[in-house]
Amino acid sequence: MKVGIIGAGMAGLACADRLRERGIDAVLFDKGKRPGGRLSTLRLEDRAWDFGCQYVMPGAGAFAAEAARWRQAGLVAPWRAGPPGALVGVPAMASLIEGLCAGKDARFGMQVQRLDRQGQSWCVPGPGFSEGPFAAIAIAIPAEQAAALLSLHDLALAREAASTRSSPCWTVMAGFDRPLAGLEAFLRDRGAIAWAARNNSKPGRGSAECWVIQAGPQWSQDHQELDRETVAARLLALFAAETGQVLPPPSFLKAHRWRFALSYGQPGATLWNAALQLGACGDWCMAPQVEGAWRAGRDLADRIMASLAFEAEAQPLRVVG
């Protein structure tokens, strides 16, 4: 018995882990070229920028215990210069996802464009591949993308996913040949800038001066379709104005647009159709943090396991002879 999981980010990996605890194998499909998703890191020689999720808060309860396991395994470490209690992947935020992928059947560079129902099973097709059969499917991608896959099989679930929206986020990665003096390791809520951080203040990053600058939702929405070069220049200028800095010319400057960054309007639960063995999860179900994604993945796995167990019990006995 196998479960297909679309998306190998935190929610998908948490779902796979929970299923494995009960002896159920999972195959994860992700369109990205490598592990990371919204915990991605750009690495260039001795420089690195965590240009998605900046840190993890350990929270409480089961997630706190999970974060403690990550810390014990060396996947995360305290960011002493960051917000109180913040943990970061080492030596990069992407390292956390890379570590969690270890030992799993995770396939990258695989764009899933539809899901095919074949009798009581599922097939996952895409350009150049077709995988299955799967007893159940978990869709662990942003709500807007999940809605498109769900709509082919369950319009009610698709509408529920579509009702959860995501704000975009423009992120700029800037590198300098000398440290920017007089600045703290991070700042937030400065005008149009929601967050800026000296990435090299995080453990394991090296000493080269690297800054991540993220615009707030409204600025990102208003400038969503601008080209990357223009956004990079404008956000760097805003950063200079907000910090009162005369910035040296950057030795590296690049912008990245997260079209689906911060979710809002969470339904408070994962989506599941027991008749079809089809569901969806993500931080957009619970809360727009790493913990929300992790809890959503675990919750959907529990619903899958309960449904598969019920189905197995409901199968009629076969008399041989």
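No experiment lies behind these values; they were computed from the predicted model shown. (Residues numbered from 1 in each chain as written. Predicted model: local features only at pLDDT ≥ 70, side-chain atom pairs only at ≥ 80, totals over all residues. Heavy atoms only, no water.)

J.: I'd like a description of the overall build of the protein, backed by residues and values.
T.: Each helix and strand in the protein was counted, giving eight helices and 18 strands. Taken over the C-alpha trace, the protein has a radius of gyration of 21 Å; the compact-globule value for 321 residues is 20 Å, and the two agree within 12%. Taking the principal axes of the C-alpha coordinates as reference, the protein spans close to 85 × 40 × 35 Å. Taken over 321 residues, the protein has a buried fraction of 52%. Put simply, the protein shows about 14600 Å² of open surface, and 52% of that area lies on carbon and sulfur atoms. Looking at charge distribution, the protein has the averaged site of its 34 positive side-chain charges lying 1 Å from that of its 30 negative ones. (Helix = DSSP H or I, 4+ residues; strand = E, 2+ residues; numbered from the N terminus. Rg over C-alpha atoms; globule rule 2.2 N^0.38 Å. Buried < 20%, exposed > 50% of the residue type's maximum accessible area, 1.4 Å probe, protein only. Areas by Shrake-Rupley, 256 points an atom, 1.4 Å probe, with all protein chains shown as cover. Lys, Arg positive; Asp, Glu negative; His and termini not counted. Charge placed at Lys NZ, Arg CZ, Asp CG, Glu CD.)

J.: Mind laying out the packing of helix α4 (residues 143-150) against helix α5 (residues 155-162), listing which residues take part and the relevant values?
T.: In helix packing, the relevant descriptors are the interaxial angle and the interaxial distance, both defined with respect to the helix axes. Interaxial distance between α4 and α5 falls to 8 Å at its minimum, and their mutual angle equals 170 degrees. Considered as vectors, α4 and α5 are oriented roughly antiparallel to each other. For the element pair α4 and α5, the recorded crossing hand is left-handed. In contact with A143, A147 and L150 of α4, α5 contributes L157, A158, A161 and A162. In terms of residue class, the contact of α4 with α5 is made up of seven nonpolar, no polar and no charged. (Axes fitted to C-alpha atoms, helices over the stretch in contact; angles between N-to-C directions. Parallel < 35°, antiparallel > 145°, perpendicular 65-115°, else oblique. Left-handed = near helix turned anticlockwise from the far one by under 90°. Contact = heavy atoms within 4.5 Å. Nonpolar A, V, L, I, M, F, W, Y, C, P; charged D, E, K, R; others polar.)

J.: Describe the nonpolar core, with residues and values.
T.: The biggest cluster of nonpolar side chains holds 72 residues, and the ones touching the most others in it are I5, I6, L19, W70, L115, I139 and I304. The contacts of L19, once residues within four sequence positions are left out, are V3, I5, I24, A26, A301, I304 and M305. (Core = buried A, V, L, I, M, F, W, Y, C linked by side-chain atoms within 4.5 Å.)

J.: Provide a residue-level description of the environment of L238, including the pertinent values.
T.: Take L238: it is sitting in helix α7 (residues 228-243). Judged by relative accessible area, L238 falls into the partly exposed class, the value being 28%. In the structure, L238 is positioned 40 residues away from L278 in sequence and 45 Å away in space, judged by C-alpha atoms. Those residues in contact with L238 that sit more than four places away from it in its chain are A192, I193 and W219.

J.: Quick rundown of helix α1 (residues 10-21)? Include the residues and the values.
T.: Along an α-helix, a turn takes 3.6 residues, which lines up residues three or four apart on a common side. If you check α1, its first and last C-alpha atoms are 17 Å apart, about what 12 residues at 1.5 Å a residue would give, namely 16 Å. Across the 12 residues that make up α1, a large majority, nine, are buried. Within α1, the full set of buried residues consists of M10, A11, G12, L13, A14, C15, A16, D17 and L19. Positioned one or two residues after α1, G23 has a phi angle of 80 degrees, which is positive. (Expected span 1.5 Å × (residues − 1).)

J.: Can you break down the packing of aromatic side chains residue by residue, with the values?
T.: If you walk through the whole model with that rule in mind, you get 12 aromatic pairs. Ring centres 6.1 Å apart and planes at 10 degrees place the aromatic pair F29 and F129 in the stacked group. Separated by 100 residues along the polypeptide, F29 in strand β2 (residues 25-30) and F129 in strand β10 (residues 129-134) bring together distant segments of the chain. Classification of F129 as buried rests on a relative accessible area of 13%. For the pair Y55 and W79, a centre-to-centre distance of 6.3 Å together with 50 degrees between the ring planes defines the contact as tilted. A residue pair is termed long-range when its members are at least 10 positions apart, and Y55 in the loop between β4 (47-50) and α2 (61-72) and W79 in the loop between β5 (76-78) and β6 (87-89) qualify at 24 residues. Its relative accessible area of 2% is what places W79 among the buried residues. (Phe/Tyr/Trp six-rings, centres within 6.5 Å; stacked < 30°, edge-to-face > 60°.)

J.: Could you give an account of the sheet that holds strand β12 (residues 165-176), with specific residues and numbers?
T.: Pairing is antiparallel across the open sheet formed by five strands, whose spatial order is β13-β14-β15-β12-β16. On the outer flanks of this sheet lie β13 (186-190) and β16 (252-264), each paired with one strand and no other. Looking at each pair of strands side by side, their axes are set apart by 15 degrees on average, direction ignored. As judged from the 10 bridges shared by β12 and β16, these two strands associate in the antiparallel manner. The residue of β16 that forms the bridge with G175 is F252. (Pairing = 2+ DSSP bridges.)

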